[in-house]
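The chain contents come next:
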Amino acid sequence: VTAHAAVDPAFAHPIRTGVMAYLSAAEAADFTELAQALAVPNNSLSSHLSRLEDAGYVELRRGFLGRKPRTRVVPTDAGRAAWMSYLDERSRTE
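Described in the following lines is the structure provided in the data block. (Residues numbered from 1 in each chain as written. Predicted model: local features only at pLDDT ≥ 70, side-chain atom pairs only at ≥ 80, totals over all residues. Heavy atoms only, no water.)

**Some thoughts on the overall build of the protein chain**
Scanning the protein chain from terminus to terminus reveals four helices and three strands. The secondary structure elements of the protein chain, listed N-terminal to C-terminal, are α-β-α-α-β-β-α. In terms of overall dimensions, the protein chain is globule-like: its C-alpha atoms have a radius of gyration of 14 Å, near the 12 Å expected for 94 residues. Each principal axis of the C-alpha distribution contributes one length, and for the protein chain these read about 50 × 25 × 20 Å. With 94 residues in all, the protein chain has 33% of them scored as buried. Intrachain contacts of the protein chain at a sequence separation of at least 6 include 49% that bridge at least 24 residues. Carbon and sulfur atoms form 52% of the exposed surface of the protein chain, whose accessible area is close to 5900 Å². (Helix = DSSP H or I, 4+ residues; strand = E, 2+ residues; numbered from the N terminus. Rg over C-alpha atoms; globule rule 2.2 N^0.38 Å. Buried < 20%, exposed > 50% of the residue type's maximum accessible area, 1.4 Å probe, protein only. Contact = heavy atoms within 4.5 Å. Areas by Shrake-Rupley, 256 points an atom, 1.4 Å probe, with all protein chains shown as cover.)

Now the structure itself:
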């Protein structure tokens, strides 16, 4: 088994690993905060967040702040565990 075969497909793209790295430090973030921090277009971030949500690694909490729509991105316990496993695997293969 190669190192690449062990990589979780949810973490196969730099935007998704950037999201998880950011959330591991911040615990939660607004969608716009993530888009700015990662310097990615909203549509691209939305697509990658959907993949992480489908994997059960993040939860998207939609609501309003005043009259403005707001989406909070929160890592799940499974997402935190998968991220730590990913980092552990990376440290062993580098």
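**Digging into the pairing of strand E3 (residues 68-75)**
Note: strand E1 (residues 29-30) against E3, two bridges, orientation antiparallel. If you follow Ala-29 over to E3, its bridge partner there is Val-73. As defined by bridge partners, strand E2 (residues 58-65) adjoins E3 across eight bridges and the pair is classed as antiparallel. Pairing of Val-58 across the sheet is with Pro-75, part of E3. Between the antiparallel neighbours E2 and E3 lie two residues, among them Gly-66 with a positive phi of about 70°. (Pairing = 2+ DSSP bridges.)

**Observations concerning the packing of helix H1 (residues 14-26) against helix H3 (residues 42-54)**
Two elements in contact, H1 and H3, have axes whose closest approach is 9 Å; the angle formed by their N-to-C orientations is 75°. Taken together, the axis directions place H1 and H3 in an arrangement best described as roughly perpendicular. Of the residues in H3, those in contact with Ile-15, Arg-16, Val-19 and Met-20 of H1 are Ser-44, Leu-45, His-48, Leu-49, Arg-51 and Leu-52. Classifying every residue of the contact of H1 with H3 by side-chain character gives six nonpolar, two polar and two charged. (Axes fitted to C-alpha atoms, helices over the stretch in contact; angles between N-to-C directions. Parallel < 35°, antiparallel > 145°, perpendicular 65-115°, else oblique. Nonpolar A, V, L, I, M, F, W, Y, C, P; charged D, E, K, R; others polar.)

**Structural notes on the packing of aromatic side chains**
Per the stated rule, a full pass over the model turns up four aromatic pairs. Aromatic pair Phe-11 and Trp-83: ring centres 5.4 Å apart, planes at 75°, arrangement edge-to-face. On the criterion of sequence distance, the pair formed by Phe-11 in the segment before H1 and Trp-83 in helix H4 (residues 77-93) is long-range, its members being 72 residues apart. Under the relative-accessibility criterion, Phe-11 is labelled buried at 2%. For Trp-83, a relative accessible area of 7% corresponds to the buried category. The rings of Phe-11, Tyr-57, Trp-83 and Tyr-86 are connected pair by pair, giving a single aromatic cluster. (Phe/Tyr/Trp six-rings, centres within 6.5 Å; stacked < 30°, edge-to-face > 60°.)

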